Amino acid sequence: MKQIQIIDAKNHVGETVKIGAWVANKRSSGKISFLQLRDGTAYFQAVVVKNEVGEEIFQLAKDLTQETSVWVTGEIREDTRSKFGYELGVKSIEVVGESHDYPITPKEHGVDFLMDHRHLWLRSSQQHAIMLIRNEIIRATYEFFNNNGFVKIDPPILTGSAPEGTTDLFETNYFDQKAYLSQSGQLYMEAAAMALGKVFSFGPTFRAEKSKTRRHLIEFWMIEPEMAFMHQEESLEVQEQYVAYLVQSVLDNCEYSLDVLGRDKEVLKRYTQLPYPRISYDDAVELLKENGFEDIEWGDDFGSPHETFIANSFDRPVFILNYPKAIKPFYMKPHPTREDLVICADMIAPEGYGEIIGGSERATDYEYLLEQIREAGLDEEEYSWYLDLRRYGSVPHSGFGLGLERTITFLAGIEHVREASPFPRLLNRIYP
């Protein structure tokens, strides 16, 4: 008898198999008991018929409690009534580990309660679907960059300098020296691009800013490509191709998860159509002011309502181009005809999900960059290695960062960004 996973049921129709699973839910109807089983790959139904299994097995099935782990043996059958398409006709059940008084029952629970039980909430069908979509985005990310000639580089997590200032960083004592949990691997990726041409990193980043908004996380994962001999317009093409690739990969490989989450797949298909629209920062401010936004002036950064309105003015993700220099980091290349602007872009996702990519062309002039470092009040010595990149064979180069959690939120259609990552709050509880 073969042991299989639920996801492989389609390959074993008519066969008797053995599956290790947990009981997510159950119901009984006379002499038939229905078990909702999950094994980490998918959910499906197991049907226990009293006349087929006998009194002992049938009573065991009726007595199973939520999240009890079991070995179930039975025959795989097609089930056109379910979204999964298959079910198990049970022949025998063996209890592996009992579960009593499981706190997350099939009834409605508040978000605070679920967040306090995230280590168990992860077992639910929606969280399961989100994690499968997350996994697909990660898989597709490596595939996209590997197929396009990028080299994976791992920048340090503990750093001695910050690309965007130290006010929002976690400071640590590193052998009697100040060090920070990484805010971004970008500066290191620029060094790598000067050696390898096209590179990308994929790792954890940290922000110490205090915020209770739905768009901010203390810890998140970021994908940061950096490309030598590349100007901003070429970088924008890579960015939109990458996002469209992620969307298509989720559509192709996560249909069941999208259905569990109720995500409109027709809407997602629209996001694969390239190129994405572009609007300048100047025009975006005018668009907002013309539509009654009195809380925005030229030179202000956009808040959530502003980004949502701009994005909803288009039917796909939109690039906002060339922000004021005063509100952007020191390393961005100045605009060729406007001293008050830098060459950069944010990609704003539709449906109110906000910025998913921030990127720019990088400043290449040594003297200009040195002046910006001084004006930002940064330690010149700490950035001497970064300035070296402009002294020894500097070239035009561009890069961007995509936030994994916010992209998951966008593609999965989740209402609250914190649902995309089950661990940060749990870790904060363990290590206050």
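Residues numbered from 1 in each chain as written. Predicted model: local features only at pLDDT ≥ 70, side-chain atom pairs only at ≥ 80, totals over all residues. Heavy atoms only, no water.

For the chain, the name recorded in an unreviewed UniProt entry is Asparagine--tRNA ligase, with Candidatus Enterococcus ferrettii as its organism. Regarding the chain, the relevant UniProt record gives this comment under Sequence similarities (unreviewed entry): "Belongs to the class-II aminoacyl-tRNA synthetase family." (UniProt positions renumbered as here; feature names shortened; annotations may be inferred.)

Topologically, Gln45 is positioned in strand E4 (residues 43-49). There is a polar contact of 3.3 Å between the side chain of Gln45 and the side chain of Glu87. When neighbours within four sequence positions are excluded, Gln45 is seen to be in contact with Arg27, Phe34, Leu35, Gln36, Asp79, Glu87 and Leu88. (Helix = DSSP H or I, 4+ residues; strand = E, 2+ residues; numbered from the N terminus. Polar contact = N/O pair within 3.5 Å; in protein donor to acceptor, adjacent residues only side chain to side chain. Contact = heavy atoms within 4.5 Å.)

Tallied over the entire structure, the rule returns 24 salt bridges. A salt bridge links Asp282 to Arg338; the shortest N-O distance between them is 3.0 Å. Of this pair, Asp282 sits in helix H10 (residues 281-290) while Arg338 sits in the loop between strand E14 (318-321) and strand E15 (344-349), and the two are 56 residues apart along the sequence. Taking the relative accessible area as the measure of exposure, Asp282 reaches 23% and is therefore partly exposed. When salt bridges that share partners are traced, they join Arg38, Glu67 and Arg123 into one network. (Salt bridge = Lys/Arg side-chain N within 4 Å of Asp/Glu carboxyl O. Buried < 20%, exposed > 50% of the residue type's maximum accessible area, 1.4 Å probe, protein only.)

Regular strands place their side chains on alternate faces of the sheet. Among the ten residues that make up strand E12 (residues 219-228), eight are buried, leaving the element largely enclosed by the rest of the structure. Bridging between strand E11 (residues 198-206) and E12 involves nine bridges; their strand directions are antiparallel. Within E12, the position partnered with Phe206 by the bridge is Glu219. Sheet topology places E12 next to strand E17 (residues 397-403); five bridges connect them, and they run antiparallel. (Pairing = 2+ DSSP bridges.)

So, on to the pairing of E17. Taking burial as the measure, the seven residues of E17 include seven buried ones, the bulk of the element. Where burial is concerned, the two faces of E17 agree: the one with His397, Gly399, Gly401 and Gly403 and the one with Ser398, Phe400 and Leu402 are both buried. In this sheet, E17 lies alongside strand E16 (residues 354-361) in antiparallel orientation, the contact comprising five bridges. Among the inter-strand pairings, Ser360 is bridged to a residue of E17, identified as Gly399.

Turning to the packing of aromatic side chains, a few remarks are in order. Applying the stated criterion across every chain, the model contains 26 aromatic pairs. Both rings, one in Phe144 and one in Tyr242, keep their centres 5.3 Å apart while their planes meet at 35 degrees; by these two values the pair is tilted. Here the residue Phe144 occupies a position in helix H5 (residues 125-147), and Tyr242 occupies one in helix H7 (residues 232-253), the gap between them amounting to 98 residues. Ring geometry for Tyr353 against Phe410: centres 5.9 Å apart, planes inclined by 50 degrees, an arrangement best described as tilted. Of this pair, Tyr353 sits in the loop between E15 and E16 while Phe410 sits in helix H14 (residues 404-412); the two residues are 57 residues apart in sequence, bridging distant segments of the chain. No difference in accessibility class separates Tyr353 from Phe410, as the two residues are buried. Connected via pairs of aromatic rings, a cluster forms that spans Tyr142, Phe144, Phe145, Phe150, Phe200, Phe202, Trp221, Tyr242, Tyr245 and Phe400. (Phe/Tyr/Trp six-rings, centres within 6.5 Å; stacked < 30°, edge-to-face > 60°.)

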